Amino acid sequence: MNLFYRIFSAILLAALFSFDLSAQDKKPLNHDDYDIWQSINNTIISDNGLYISYEINPQEGDGTLWIYDTEGSSYLDFERGYEAAFSPGDEFLAFRIKARFDSIRQAKLDGKKKDDLPKDSLGIYLIEKDSLVVVPDIKSFKLPEEGKAWMAWLLEKKQELPDTTASDTTATEETEEKSDKKKTKKPKKQEGNTMEVYHPGTGVITSFDHVTEYDFSKNGQMLSFITTKKDSIDSVFVHYMLYPGIQSRKIYAGPGYAKLLTPDEDGMQLAYLFTADTAKVKVYDLKLWNMNNDKLITAADTSAVNMPDGWCVSENGKLYFSGNGKRLFFGTAAIPQEEPEDTLTSDEKVSVDIWNWKDDRLQPMQLKQKDSDLKRSYLAVYHIPPGRMVQLADEDVMNLRMDKKRQGPFALGSSRKPYYKEMSWDADGKQDYYLINMDNGERILLLEKMLSGAYLSPLGRYVTYYDALDSSWNSILLKSGEHKKLTGELPVCFSYEEYDMPSTPGPYGFKGWSKNEDWMLVYDRYDIWKFDPEGKNEPVNLTNGRAEKKQYRYYNLDPDIEYIPENENLLLRMFNENSKDAGFCHLNIGKEVVLNELMTGPYSYYIPKKARDADKLIWQRMNFTEYPDLYISDMDFNDPVRVTDANPQQNEYLWGSVELVHWTSSDGDELEGLLYKPENFDPDSTYPMIVYFYEKYSNNLNRHYTPRPSRSTVNFTYYASNGYLVFVPDIVYDEGFPGQSAYHSVVSGTLKLMENPWVDGDHIGIQGQSWGGYQVAYLVTQTNMFAAAMAGAPVSNMTSAYGGIRWGSGMSRMFQYEGSQSRIGGTLWERPWRYIENSPVFFADKVETPLLMMHNDEDGAVPWYQGIEYFVALRRLGKPVWLLTYNGAPHNLKRRADCKDLSIRMQQFFDHYLKGAPAPVWMEYGIPAVEKGKEMGYELVGE
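Right, let's talk about the overall build of the chain for a bit. The number of helices and strands found in the chain is 14 helices and 55 strands. Its C-alpha radius of gyration of 31 Å places the chain within 12% of the 30 Å reference for a compact globule of 943 residues. Surface summary for the chain: the accessible area is close to 43,500 Å², and the carbon and sulfur share equals 47%. With 103 positive and 138 negative side-chain charges, the chain shows a spacing of 4 Å between the two charge centroids.

Listed below in structure tokens is the structure:
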């Protein structure tokens, strides 16, 4: 494998950034241009802040991994590199290297199976030595999170005869051959892969065969792994290595099977599941090894004290230690039973789903969740000193939350089980909360029928929760059990102020606790509030953004801490609802509260990332015309350096601009929307316009839209580049009237824009997907002002859809009509006329607008038959209608070929009706089923 790299000077990069073309030389985007648009992915900064790694990937084809030297302003690139990670101490960068796109594609054309496709390689770039080590055909790699700079990887299995030799390269124990007769049997296929352990400092690579699992301790001191040997007796070997040695040591060797090997953070303990059971269905024990005494014990098995009757350690649970290594968490479940022997032929078997009205979950949901139900495990803990198991969760209380280090005295359990049946129609989703004692498993019911979340403090002194019934934040003093109402007297709403669904609005959010739990932070629409959980001190508004409609939110830049620091600068994101500008500021919560604005402007930002050991940030910003390139700066965003220029070719294309528009709806609501205009917009010319909508969009003013094939909606950039105006109005809703609400918002906004002479009022189209698709289907029954309409996955008949199933989840659709997005606010039998009045299919005879629909046969959100009902109704009425159904496709398209096809057909449809372009063959004549896959019908009639 060759090393591909280039060193770029800052002068050359600056020249690329400043490159521009005159407007008259620019060209509109077309569907062949998608592949030249690239994206920046997987941005990371080294612990010392000296190096940045990121990928630049095309939408299809081979990408590039880059390293940027922040001191030398130089660049190094590796073709096809991805998923990079810096080692602790920043000695090297490890990354995967994809096989060439063309070679993978050719292998697929040759009919090769997935396992036979070209494999990834591993790249290890040694930073100080400026050299690259490449390892072909790797399956995975790991390196420590902290501490020591070494790593390990698994190689892909080689295509060769099964290995019958010893698999453990360091083992001294070998299983003897039992008899000459057994030697003549066909050898068993060996499990696992070859693992190689690499020490960059010495370049030494140590190899171990038939490794099934491996993992580093968090501090990088220990590497543990399991090897196996398949022979007359299946054997397993559990090993560990300590840095910097290259020899492994065993903690177990003998007959049996092991899995889920897990070290503690300090590399002093190992846990794993073990069984000597040779049956197909195995029952495992929990093993625990301690380095200090080199002792291996059984921590839990079927006979353990506190193990529920008929239960065992679950192989489907996860193992993890507490941060201090004093607790070991694992899963338990009912002892698995072996399936009875199959004595029936396929035509003798009955396959039936029995729907019972007493079931807590509908059969489709049960079937959807069958695999997870069969593999469900319930959390238990083994207290290492004194050596005692405690069961924490069970079938009634399945879910538990703990502090980040899992060291606190309590866990917070939650249960939705009593309300499973109501989930079919109740959009609120109730649950109960329990306080669970980590020492003995005792539980206390704290809260019932809660509509919002509850949060346990890390030290276990408080639980805070939001009471949706009176819109208040509250705390429970766990020592006394007393409840304190913290926000009841404040003249501020802590639930969603603009919530317009017929269900209960939730809170803006809880952010966290101080180190000593003296205070906690809670959000309202704009501000961050500091509350005393004891209720003794008055609440403090830390940001005071409401008057200027500025919203503040806290970003935790250190994922290792679980509290909010005091007397330190906290990074806040700031967003102005009026201007849509965004930026950052520092908040210091000390004796005095200090809020210091750092940077703001007409941009949107990704969440910044901080170097672990240096005061450096990497971040990305964007607006409609600026791609979210990568920057680096200090903690105050001073002297930012632009690191990337991912899409310099944008300067060659007509792009466009975006602006906020305001109007008053026909219902009297003050509304906002976005208007995208073509580049070099001329107010003396007229332009066709497409209206797109989905709930509220105006806060996305500064979002960038890369040209790419459409999964379901119009691409604003693409259509502006091709001479369209694109209008995106916000919509506000009245309960029971979702269709009419859309009409009042969309039509009033469109009429407002039509007052401008540059809007071609005779050539306006509308487009929407899903909820937006429904509204498109409804609007064309109410008005003929649109020259063309495209509806993706629309509900056309709320009466038939109401009792249907969301096949993606198995849930009944009732809840979304009664209390969620559809906003009817009652059952079908309580408000039958509301369902009919809002259903487009009942008014199909009113439609005069040509309609293109997309509805796919594997749509898991909106049933395919909804599109079919509308299509066959309009077809019978002689209305111009087309339905695109992508076979095997979900609600929104995923396959790139399907996305390209939709993009072409949607533009041809709109170009025909809004620009007067000739109709394509597929619109004029259709594509007969016998020509499916042979003819695409893109050709324009008459050309």
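What follows is about the sheet that holds strand E38 (residues 569-576). Sheet architecture is open: 4 strands sit in the order E37-E38-E39-E40, paired in antiparallel fashion. With partners counted over all chains shown, the strands left at the sheet margins are strand E37 (550-555) and strand E40 (593-601), one partner each. Across the sheet, the mean angle from the axis of one strand to that of its neighbour is 30°, orientation sign disregarded.

If you trace the 4 strands from one edge of the open sheet to the other, you get E25-E26-E27-E28, paired in antiparallel fashion. The sheet is open, and its two borders are formed by strand E25 (399-401) and strand E28 (443-450), each paired with just one other strand. Between one strand axis and the next, the sheet turns by 25° as a mean value, whatever way the strands run. Where strand E26 (residues 410-415) meets strand E27 (residues 431-437), 6 bridges bridge the pair, whose relative direction is antiparallel. Each residue of the ladder has a partner; that of Gly413, found in E27, is Tyr434.

Attention now moves to the nonpolar core. One finds Met689, Val691, Ile766, Leu851 and Tyr870 to be the most contacted residues of the largest nonpolar core, which totals 48 residues. The greatest single-element share of this core, amounting to 6 residues, is contributed by helix H8 (residues 771-779). Apart from residues no more than four positions distant in its own chain, Tyr870 is found in contact with Ala777, Val780, Thr781, Ser796, Pro840, Val841, Ala844, Val847, Leu851 and Met853.

A few words now on the packing of aromatic side chains. For the structure shown, the criterion picks out 57 aromatic pairs. A centroid spacing of 5.5 Å and a plane angle of 65° characterise the contact between Trp663 and Phe727, whose relative ring orientation is edge-to-face. Remark: Phe727 occurs in strand E49 (residues 725-729) and Trp663 occurs in strand E46 (residues 657-664); sequence separation between them is 64 residues. The exposure class assigned to Trp663 is buried, which follows from its relative accessible area of 5%. Here the aromatic cluster, defined as three or more aromatic residues joined through ring pairs, consists of Trp37, Phe624, Tyr653, Trp655, Tyr676, Tyr692, Tyr697, Tyr705 and Phe716. The cationic tip of Lys142 hangs over the ring face of Tyr214; the distance from NZ or CZ to the ring centre is 4.8 Å. Note that Lys677 overlies the ring of Trp758, its terminal NZ or CZ placed 4.7 Å from the centroid.

Let's shift gears to the pattern of salt bridges. In total, this model carries 49 salt bridges according to the counting rule given. The partner of Glu659 in a salt bridge is Lys677, and the shortest N-O contact between them spans 3.3 Å. Of this pair, Glu659 sits in strand E46 while Lys677 sits in strand E47 (residues 670-677), and the two are 18 residues apart along the sequence. With a relative accessible area of 30%, Glu659 lands in the partly exposed category. Note on Lys677: relative accessible area 10%, which makes it buried. Bridged by salt links that share partners, the residues Glu497, Glu498, Asp524, Arg525, Arg546, Glu577 and Lys696 form one connected network.

Structurally, Asp47 can be placed in the loop between strand E1 (38-45) and strand E2 (51-58). Residue Asp47 is classed as buried on the basis of its relative accessible area of 17%. For Asp47, the contacting residues outside a window of four places in its chain are Pro88, Gly89, Asp90, Ala611, Arg612, Asp613 and Ala614.

All right, on to the pairing of strand E19 (residues 295-300) then. Summarising the sheet, strand E18 (residues 285-290) and E19 pair through 5 bridges and their orientation is antiparallel. Across the sheet, the residue bridging to Leu286 is Ala300, located in E19. Between the end of E18 and the start of E19, which pair antiparallel, lie 4 residues, with Asp294 showing a positive phi angle near 50°.

What follows concerns the packing of helix H7 (residues 738-754) against H8. The N-to-C vectors of H7 and H8 enclose an angle of 80°; their axes lie 9 Å apart at closest approach. Considering the angle they form, H7 stands roughly perpendicular to H8. Contacts between H7 and H8 involve Pro738, Gly739, Gln740, Ala742, Tyr743 and Val746 on the former and, on the latter, Trp771, Tyr774, Gln775, Tyr778 and Leu779. Partitioned by chemical class, the residues of the contact of H7 with H8 number 8 nonpolar, 3 polar and no charged.

What follows deals with unusual backbone geometry. Between Tyr243 and Pro244 the backbone carries a cis peptide bond, its omega angle lying at 5°. Along the polypeptide, Pro244 turns up in the loop between strand E14 (235-242) and strand E15 (249-255). Residue Asn567 is not a glycine yet carries a positive backbone phi of 60°. Within the secondary structure layout, Asn567 lies in the loop between E37 and E38. Here Asn567 falls in the exposed class, since its relative accessible area comes to 54%.

A contiguous nonpolar surface patch, about 320 Å² in accessible area, is contributed by Trp864, Tyr865, Ile868 and Val872. On the secondary structure map, Trp864 appears in helix H12 (residues 864-876).

With that settled, the discussion passes to H7. Counted at 1.5 Å a residue, the expected span for H7 with its 17 residues is 24 Å, and the 24 Å between its end C-alpha atoms agrees. Regarding H7, the residues found buried are Pro738, Gly739, Ser741, Ala742, Ser745, Val746, Val747, Ser748, Gly749, Thr750 and Leu753.

What follows covers the environment of Pro533. The residue Pro533 is located in the loop between strand E35 (528-531) and strand E36 (540-541) in this model. Taking relative accessible area as the criterion, Pro533 reaches 0% and is therefore assigned buried. Expressed as a C-alpha distance, the spacing of Pro533 and Trp519, which sit 14 residues apart in the sequence, is 6.1 Å. Residues within four places of Pro533 in sequence aside, it is in contact with Tyr462, Ser475, Leu477, Lys484, Leu486, Trp513, Glu517, Asp518 and Trp519.

Below, the discussion takes up H12. Compared with the 18 Å implied by 1.5 Å per residue over 13 residues, the 19 Å span of H12 between its first and last C-alpha is a close match. Gly878, located one to two residues past H12, shows a positive phi value of around 75°.

One can find Ala84 in strand E5 (residues 81-86). Through-space distance from the C-alpha of Ala84 to that of Asp234 is 37 Å; in sequence the pair is 150 residues apart. Contact partners of Ala84, with chain neighbours within four places excluded, come to Ile44, Ser53, Leu65, Leu93, Ala94 and Phe95.

Rules used throughout
- Residue positions are counted from 1 within each chain, in the order its sequence is given.
- Per-residue local features of the predicted model are confined to residues with pLDDT of at least 70, and side-chain atom pairs are confined, for both listing and counting, to 80 or more; whole-chain, interface and lining totals are unaffected and use all residues.
- By convention in this description, side-chain values take in all heavy atoms of the structure and omit both hydrogens and water.
- Each helix is a run of H or I in the DSSP string that is no shorter than four residues. Each strand is a run of E no shorter than two, and both are numbered from the N terminus.
- Atoms counted for the radius of gyration: C-alpha only. Globule rule: 2.2 Å times residue count to the power 0.38.
- All accessible areas in this document rest on Shrake-Rupley with a 1.4 Å probe, and a residue is counted as covered only by the protein chains that are shown.
- Charge assignment in this entry is limited to Lys and Arg as positive and Asp and Glu as negative, and neither His nor the chain termini are counted.
- Charge positions come from single atoms, namely NZ of Lys, CZ of Arg, CG of Asp or CD of Glu.
- Two strands make a pair as long as DSSP finds a minimum of two bridges between them.
- Only the stretch in contact is used when fitting a helix axis, every axis being a line fitted to C-alpha atoms; angles between N-to-C directions are given from 0 to 180 degrees.
- For this analysis, a nonpolar core means a set of buried residues of the types Ala, Val, Leu, Ile, Met, Phe, Trp, Tyr and Cys, connected via side-chain atoms within 4.5 Å.
- Under the scheme applied here, a residue whose accessible area is under 20% of the maximum for its type counts as buried, over 50% as exposed, and between as partly exposed, the area being computed with a 1.4 Å probe on protein chains only.
- We call two residues contacting when some pair of their heavy atoms lies within 4.5 Å.
- Note on aromatic contacts: the rings of Phe and Tyr and the six-membered ring of Trp form a pair at centre separations within 6.5 Å, being stacked when their planes are under 30 degrees apart, edge-to-face when over 60 apart, and tilted otherwise.
- Charge over a ring is defined by NZ of Lys or CZ of Arg lying within 6 Å of the ring centre and within 35 degrees of the ring normal.
- Salt bridge criterion: a side-chain nitrogen from Lys or Arg within 4 Å of a carboxyl oxygen from Asp or Glu.
- Angle categories are assigned with fixed cut-offs, so that under 35 degrees is roughly parallel, over 145 is roughly antiparallel, 65 to 115 is roughly perpendicular, and the rest are oblique.
- Gly is put with the polar residues, along with every residue not named as nonpolar or charged; the nonpolar set is Ala, Val, Leu, Ile, Met, Phe, Trp, Tyr, Cys and Pro, and the charged set is Asp, Glu, Lys and Arg.
- Note on patches: the residues involved have over 30% relative accessible area and no salt bridge, like charges join within 9 Å, and the nonpolar side chains Val, Leu, Ile, Met, Phe, Trp and Tyr join within 5 Å.
- Multiplying 1.5 Å by the residue count of a helix minus one yields the expected span of that helix.

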